[in-house]
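Secondary and tertiary structure notes
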Amino acid sequence: MKILVNVALPYANGPIHLGHVAGAYLSSDIFVRFQRMKGNEVMFVSGSDEHGTPTTITADRQKVSPQVIADKFHKEHMEAFSNLDIKFDIFSRTTYPEHSDTVKEFFLDFYEKGILTEKTMVSPFCPTDNRFMPDRYIEGTCPHCKFEEARGDQCDNCGRILDPQDLIDPKCILCGTKPEFRETRHMFFRLDQFQDQLLKWLDTRGFWKQNVLSFTRNFIKAGLRERPITRDIEWGVKVPLPGYERKRIYVWFEALIGYVSGARILSEKLGKKDYWKEFYFDPEARIYQFMGKDNIIFHTIIWPAMLMARGQYNLPYLVDANEFLTFGGKQFSKSRGIGYTVDEILKIAPKDYVRYYLASIMPESSDADFTLEDFQARVNGELIDKFGNYVHRLTSFVTNNNLTISSSESVLDGKDKEALNFAKERIRAFTELMEEVEIKKALSEWLELVKYANSYFNSSEPWRLIKSDMEKCRSKLYVSLLLAQYITGMLYPLTPSTAERIMEKIGSSRYSEKGFTMEIFSREDSEFSPVKSDPPFEKLDIIRINPNFVDLRVGRIIEAKPHPNADRLYVLKVNLGDSDIQLVAGLRKHYTEEDLMGHYIVV
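Right, let's walk through the structure included here. (Residues numbered from 1 in each chain as written. Predicted model: local features only at pLDDT ≥ 70, side-chain atom pairs only at ≥ 80, totals over all residues. Heavy atoms only, no water.)

Quick notes on the overall build of the protein chain
Stated precisely, the cut-off is as follows: Where helices and strands are cited, they refer to DSSP runs of H or I of at least four residues and of E of at least two residues respectively, numbered from the N terminus. In this scheme, a residue with accessible area under 20% of its type's maximum is buried, one over 50% is exposed, and one in between is partly exposed, where area comes from a 1.4 Å probe on protein chains only. Two residues form a contact once any of their heavy atoms are found within 4.5 Å. The Shrake-Rupley method, run with a 1.4 Å probe sphere, supplies the accessible areas, and residue values consider only the shown protein chains as cover. Only four residue types enter the tally: Lys and Arg on the positive side, Asp and Glu on the negative side; His and the chain ends are excluded. By convention, the point assigned to a charge is CZ for Arg, NZ for Lys, CD for Glu and CG for Asp.
From N to C terminus, the protein chain includes 21 helices and 23 strands. With respect to the principal axes defined by its C-alpha atoms, the protein chain has extents near 90 × 75 × 40 Å. The proportion of buried residues among the 603 residues of the protein chain is 55%. If you take every contact in the protein chain between residues at least 6 apart in sequence, the share linking residues at least 24 apart comes to 72%. Of the roughly 26,500 Å² of accessible surface on the protein chain, 46% is carried by carbon and sulfur atoms. Each charge sign in the protein chain was given a centre, from 80 positive and 86 negative side chains, and these centres are 0 Å apart.

Dropping the structure here:
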């Protein structure tokens, strides 16, 4: 099957942070790797949204050209994704000439079909800057949820699309001036013409997430209106009409076409000019789109309507929108400096630790809060203690006893067959959940199999069998290694570098011959030659690695003694609930030993 995976184009105005990664980019990469394991032909497309007003806002504040900002952050974005093993087939740019050409094709096609109409509209005009301002240059209070930092085009808090005139107390973000609202002439996309067609299409998408479907249906039923697709700006794709020389095609219309232009550019690079058409025009091909929940309307209403207007194009098979990742209860935000960027987190922990943790808390149906404490606990407790320790114990036993294990030597008893049947069921559930992009639930199936594999290995007691029944010992080890192969194969889409390293460690012949395909989950003709090595992981220690992290706890003083070599110090023993620690404190001038006993202090 041919599968096209599109991911929302990030604005080229700041670094990629973990909210972006958890919102769309990690889940799409995991999904692509899984589909390729299945043998499907996948095209994975994203790119930088460089004409957006976030780019010009940053440029205005730094007093440089928008191109300078676009160049800087496009490069940074590519590096951030690469450093997290998120590998697009193409990470394109909306400043490429090929993109402008594709946008103009769409625009002129719609113009000739009468789907575009010219009208006057009221736009914000800043009297201080003496120019019309893009909607995003205006901020104020959202009239719906009362969020005080809503933008003129959309509220980041409730996700509603707005008009600058809707805002309460609007002001220009550059100078703080209250804008005037003046008439200006623009081209409008007749979105209202597609209302019935969109609702009928949505009726066939019952397998989508309920939040995506409900939000979209309610928005459409409230009534779709014509939407302006040009603006009085100088940065963007030029409007191919006379009289519009000082206007540009607006980014919400233009950036979406980046999915098509990116696929076309990739096809040219591959030497197959029309390759992209196999994904957009073949009715058997499927298009999956990934984005955060603040991008739902653009992908479930506006982009499908544009594809309907164009004609012949496949509509999205699945639109997958995650909720927000929060940090301390607040939404990750590069503009407000909340949370960690990719570069910052990778100074604290390896990439696959980050991938694993974000997958385990993926905000698929509700917002998820990122904490360093939970990050450390899950990685150490699940990925390292349960999975890594299992692999190391198993391979160490085999290598220490110079054994080579293969299926031909295995005579399976009831417990062995039960273990393989349990694995088969977990793999089936895992596969179905991955197909539905339920990554967090799929990971829970993986963890169940890891726990079972540990239990099976312990109950098999190969250290006892090797002395009394070598044939049975080899059979038990074969099953344990097969389980290790299965759980490593399941883990591959989530933590690819780790899975490759572990598969080398267990010496799987099937992996060396086939790589990561669904044949990893076959039990026939498997042979294992584990490699003697150190444990596969180092424990994550946030306090040691991150000097900015402070671990404050309340403890009770249970012992106080004068320091033998210092007149001002006590030696204290403090109980923290689960352990005791010893410390020294310069308190002898202020408290007696009796005063301190039983008191609670922060340590």
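On we go from here.
Focus on the sheet that holds strand S15 (residues 325-327)
Condition: Following DSSP output, two strands are said to pair if at least two bridges run between them.
Here we have three strands laid out as an open sheet, ordered S16-S15-S17, and mixed in their pairing. The open sheet has two edge strands, strand S16 (330-331) and strand S17 (368-370), and neither has a second partner. Across two bridges, S15 lies against S16 in antiparallel orientation. In the strand pairing of S16, phenylalanine 327 is matched with lysine 330.

Considerations on the layout of surface pockets
So the rule is basically this: Each cavity reported here is a set of points on a 1 Å grid over the protein atoms alone in which a 1.4 Å probe fits but cannot get out, each pocket an open set with protein on both sides within 12 Å along at least five of seven lines, and each lining residue one with an atom within 4 Å of a point. Grid points are joined across faces, edges and corners, and a volume is the space filled by probe spheres set on the points. Nonpolar residues are Ala, Val, Leu, Ile, Met, Phe, Trp, Tyr, Cys and Pro. Charged residues are Asp, Glu, Lys and Arg, and all others, Gly as well, are polar.
If you add up the space inside the second largest pocket, you get close to 410 Å³. Taken together, 15 residues make up the lining of the second largest pocket; nearest its centre are Arg131, Phe132, Asp232, Ile233 and Glu234. For the lining of the second largest pocket, the secondary structure elements donating two or more residues are helix H2 (53-62) and strand S5 (131-132). Here the residues of the lining of the second largest pocket are counted per class, giving seven nonpolar, three polar and five charged.

A closer look at the sheet that holds strand S22 (residues 580-585)
Keep this limit in mind: In this description, a line fitted to the C-alpha atoms serves as the axis of each element, helices being fitted only across the stretch in contact, and the angle between N-to-C directions of two axes falls anywhere from 0 to 180 degrees.
One open sheet accounts for four strands, arranged S22-S21-S20-S23; its pairing is antiparallel. Taken across any chain shown, the strands that pair with only one partner, and hence form the sheet edges, are S22 and strand S23 (600-602). Neighbour-to-neighbour, the strand axes of the sheet open up by a mean angle of 45°, direction not taken into account. Examined bridge by bridge, strand S21 (residues 570-575) and S22 share six bridges and lie antiparallel to one another. From the neighbouring strand, asparagine 575 faces S22, where its bridge partner is aspartate 580.

A few points about empty space enclosed by the protein
All chains considered together, the criterion is met by one cavity of 30 Å³ or more. By volume, the largest cavity amounts to about 50 Å³. As for the largest cavity, its lining consists of Ser123, Pro124, Phe132, Met133, Pro134, Asp135, Arg231, Asp232 and Ile233. For the lining of the largest cavity, the per-class residue count stands at five nonpolar, one polar and three charged.

So, a negative patch on the surface
Our working definition: Residues enter a patch when their relative accessible area is above 30% and they make no salt bridge; the linking distance is 9 Å between like charges and 5 Å between nonpolar side chains (Val, Leu, Ile, Met, Phe, Trp, Tyr). Each salt bridge in this description consists of a side-chain nitrogen of Lys or Arg and a carboxyl oxygen of Asp or Glu lying within 4 Å of one another.
Negative charge collects at one region of the surface, where Glu513, Glu524, Asp525 and Glu527 lie side by side. With respect to the secondary-structure elements, glutamate 513 resides in helix H19 (residues 509-514). Given the relative accessible area of 61%, glutamate 513 is considered exposed.

Overview of the nonpolar core
The condition is simple: Residues belong to a common nonpolar core when they are buried Ala, Val, Leu, Ile, Met, Phe, Trp, Tyr or Cys residues joined through side-chain atoms within 4.5 Å.
Counting 167 residues, the largest nonpolar core has Val5, Phe189, Phe370, Phe375, Phe387 and Trp446 as its most contacted members. In this structure phenylalanine 387 touches Glu382, Trp446, Val450, Ile487, Thr488, Leu491, Thr498, Ile502 and Phe537, once residues within four positions along its chain are discounted.

Points about the state of the cysteines
We count it as follows: Here, two cysteine sulfur atoms that lie within 2.5 Å of each other are counted as a disulfide.
In this structure the tally under the stated criterion is zero disulfides. For cysteine 155, which is in no disulfide, the shortest distance to another cysteine sulfur is to cysteine 145 and amounts to 3.6 Å. Judged by relative accessible area, cysteine 155 falls into the buried class, the value being 0%.

Observations regarding the packing of helix H14 (residues 414-435) against helix H15 (residues 439-460)
For clarity, the cut-off: An angle below 35 degrees is read as roughly parallel, one above 145 as roughly antiparallel, one from 65 to 115 as roughly perpendicular, and any other as oblique. Whether a crossing is left-handed or right-handed is set by the direction in which the near helix is turned from the far one by less than a right angle, anticlockwise for left-handed and clockwise for right-handed.
Orientation of H14 relative to H15, taken along the N-to-C sense of each, is 170°, at an axis distance of 8 Å. Between H14 and H15, the angle is such that the two are roughly antiparallel. As H14 packs across H15, the resulting crossing turns out to be left-handed. Touching Lys415, Asp416, Glu418, Ala419, Phe422, Ala423, Arg426, Ala429, Phe430, Leu433 and Met434 of H14 are Ile439, Lys441, Ala442, Glu445, Glu448, Leu449, Tyr452 and Tyr456, all from H15. Counted by class, the contact of H14 with H15 contains twelve nonpolar, no polar and seven charged residues.

Concerning unusual backbone geometry
Positive phi values are uncommon outside glycine, yet asparagine 130 reaches one of about 55°. With respect to the secondary-structure elements, asparagine 130 resides in the loop between strand S4 (116-126) and S5. The exposure class of asparagine 130 is exposed, given its relative accessible area of 59%. Here aspartate 169, not a glycine, exhibits a phi torsion of approximately 55°, which is positive. In this fold, aspartate 169 is placed in strand S8 (residues 168-172).

So, helix H17 (residues 470-491)
Put simply, the rule is: Between the first and last residue of a helix there are one fewer steps than residues, each counted as 1.5 Å, and that sum is the expected span.
With 22 residues, H17 ought to run about 32 Å at 1.5 Å a step, and its terminal C-alpha atoms sit 31 Å apart, in line with that. A large share of H17 lies buried, amounting to 18 of its 22 residues.

Points about the pattern of salt bridges
Counting across every chain of the model gives 45 salt bridges. By sharing partners, the salt bridges in this structure join Glu105, Asp109, Lys113, Arg264 and Arg310 into a single network.

Structural notes on the packing of aromatic side chains
For clarity, the threshold we go by: Here a Phe, Tyr or Trp ring, Trp counted by its six-membered ring, pairs with any other such ring whose centre lies within 6.5 Å, and the pair is stacked when the planes are under 30 degrees apart, edge-to-face when over 60, and tilted otherwise.
All told, the structure shown has 43 aromatic pairs when counted by the stated rule. The interplanar angle of 45° and the centroid separation of 4.6 Å between the aromatic rings of phenylalanine 44 and phenylalanine 88 together place this pair among those described as tilted. In this pair, phenylalanine 44 is assigned in strand S2 (residues 41-48) and phenylalanine 88 in the loop between helix H3 (66-83) and strand S3 (90-93), connecting sequence segments 44 residues apart. Side by side, phenylalanine 44 and phenylalanine 88 carry an identical accessibility label, which is buried.

Thoughts on the side chain of threonine 399
The residue threonine 399 is located in helix H13 (residues 372-400) in this model. Not counting residues within four places of it along the chain, the set of residues in contact with threonine 399 comprises Pro530, Val531 and Lys532.

Some points on a nonpolar patch on the surface
Taken together, Leu552, Val554, Tyr600 and Val602 make up a surface patch of nonpolar side chains, about 470 Å² in accessible area. With respect to the helices and strands, the residue tyrosine 600 is situated in strand S23. On the accessibility criterion, tyrosine 600 (59% relative accessible area) is exposed.

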